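# Structural overview
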Amino acid sequence: MTELVQLPHFVSVEKLTVDQINALINRAEYFKQGGATPTLTQPVYVTNMFFENSTRTHTSFAMAEKKLGLTEIPFDAAHSSMSKGETLYDTCLVMNALGVDLSVIRASENAYYEPLINPAAGQHLNLGIVNAGDGSGQHPSQSLLDMMTIHEHFGHFNGLKVAIVGDITNSRVARSNMEILTRLGAEVYFSGPDYWYDHRFDKYGKYLPVDELVDQVDVLMLLRVQHERHAGDANETSFDAAKYHQQYGINHDRYDRLKDDCLIMHPGPINHDVELAGDLVEAPKSAFFKQMQNGVFMRMAMLEAVVRGRHLGGLQ
């Protein structure tokens, strides 16, 4: 049996070893196939603190917590004391004092979790942090559910050609995936508007026109155009959805050119007829529905890793 992953926090994929990544994928697939969840002999309390809107990630974590037998303590970000100026650290300290063991957090600030997992001298926060997305930084659960979906389809990563297409600079999904795919042995390519591409990513793969990639790749990862992160960007004011779809989106012509076993992936929400033609969202080559399904089981594996790493629930 593969050794189970144990972590004090789960905030990034960058420091995970390849063995840990594969163990998490195997564990998530085990849960999906009906494998038994760990038996908790003591209650584990978790709160989901989402300061950015979310459907998939928030609900998926809640479902994963339910399946693992964790007890969710409701948290309403809009009506929390943070609206009065309370810091995130102090809010987490409140949760800690009230008996919460784990906090799943999404926030707009990159690396918001650093002062939470590395308290300053005189601070004593003792709360497991699971990162559900930090600004344009990391999105570890989306990255790992994507890896699970690819592994479930192909059985391996080595030599797979994966193209990441779209608003790359502003995407935490892209940042997480380009790094993890490279370490797993895949060949990464990039495409989309050049003004939303940062050449610092060249170390992970080549930037090519989308029409040079569609008939070559095994996986096509589409990214949502993140209008909410384009403040001050001159390209936002001239954005034209139909033109974007024509130049970079997956329309029927590009869909037909994809390999028969190619996976189209998207973290959601999908802008219909922008990144992907609306009537292709549930097409045979689209893994969008499967990604959402797999998100529950991968988040179960991630939460279990922190429960075990912090010796909660009577688990050793």
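Read on for an overview of the structure. No experiment lies behind these values; they were computed from the predicted model shown. (Residues numbered from 1 in each chain as written. Predicted model: local features only at pLDDT ≥ 70, side-chain atom pairs only at ≥ 80, totals over all residues. Heavy atoms only, no water.)

Once that is clear, we can look at helix α3 (residues 88–97). Those residues of α3 that sit buried are Leu88, Tyr89, Thr91, Cys92 and Met95. Buried residues in α3, looked at end-on, bunch into an arc of 160°, giving them a common side. Each element contacted by the buried residues of α3 is listed here: β1 (45–50), β3 (102–107) and α4 (114–117). A positive backbone phi angle near 105° is found at Gly99, which sits one or two residues after α3. (Buried < 20%, exposed > 50% of the residue type's maximum accessible area, 1.4 Å probe, protein only. Helix = DSSP H or I, 4+ residues; strand = E, 2+ residues; numbered from the N terminus. Arc of directions from axis to C-beta. Contact = heavy atoms within 4.5 Å.)

What follows is about empty space enclosed by the protein. For the coordinates displayed, the defined rule picks out three cavities of 30 Å³ or more. Empty space within the largest cavity amounts to approximately 50 Å³. Forming the walls of the largest cavity are Glu3, Leu4, Val5, Ala23, Leu24, Arg27, Ala301, Glu304 and Ala305. Of the residues contributing to the lining of the largest cavity, the split by class is six nonpolar, no polar and three charged. (1 Å grid on protein atoms, 1.4 Å probe; cavity = no way out; pocket = protein on both sides within 12 Å on 5 of 7 lines; lining within 4 Å. Points joined across faces, edges and corners; volume = space filled by probe spheres on them. Nonpolar A, V, L, I, M, F, W, Y, C, P; charged D, E, K, R; others polar.)

Moving on: the environment of Glu114. For Glu114, the location among the structural elements is in helix α4. Taking the relative accessible area as the measure of exposure, Glu114 reaches 37% and is therefore partly exposed. In this structure the C-alpha to C-alpha distance between Glu114 and Ile129, which are 15 residues apart in sequence, comes to 10.0 Å.

The next thing to look at is the packing of helix α5 (residues 140–154) against helix α6 (residues 172–184). Between two packed helices, the angle of one axis relative to the other and the distance separating the axes together describe the packing. In contact at an axis separation of 9 Å, α5 and α6 are set at 45° when each is read in the N-to-C sense. One element, α5, and the other, α6, form an angle in the oblique class. Between α5 and α6 lies a crossing of right-handed hand. Where α5 approaches α6, its residues Pro140, Gln142, Ser143, Leu144, Asp146, Met147 and Ile150 are matched on the opposing element by Val173, Ser176, Asn177, Ile180, Leu181 and Leu184. The residue inventory of the contact of α5 with α6, partitioned by class, reads eight nonpolar, four polar and one charged. (Axes fitted to C-alpha atoms, helices over the stretch in contact; angles between N-to-C directions. Parallel < 35°, antiparallel > 145°, perpendicular 65-115°, else oblique. Left-handed = near helix turned anticlockwise from the far one by under 90°.)

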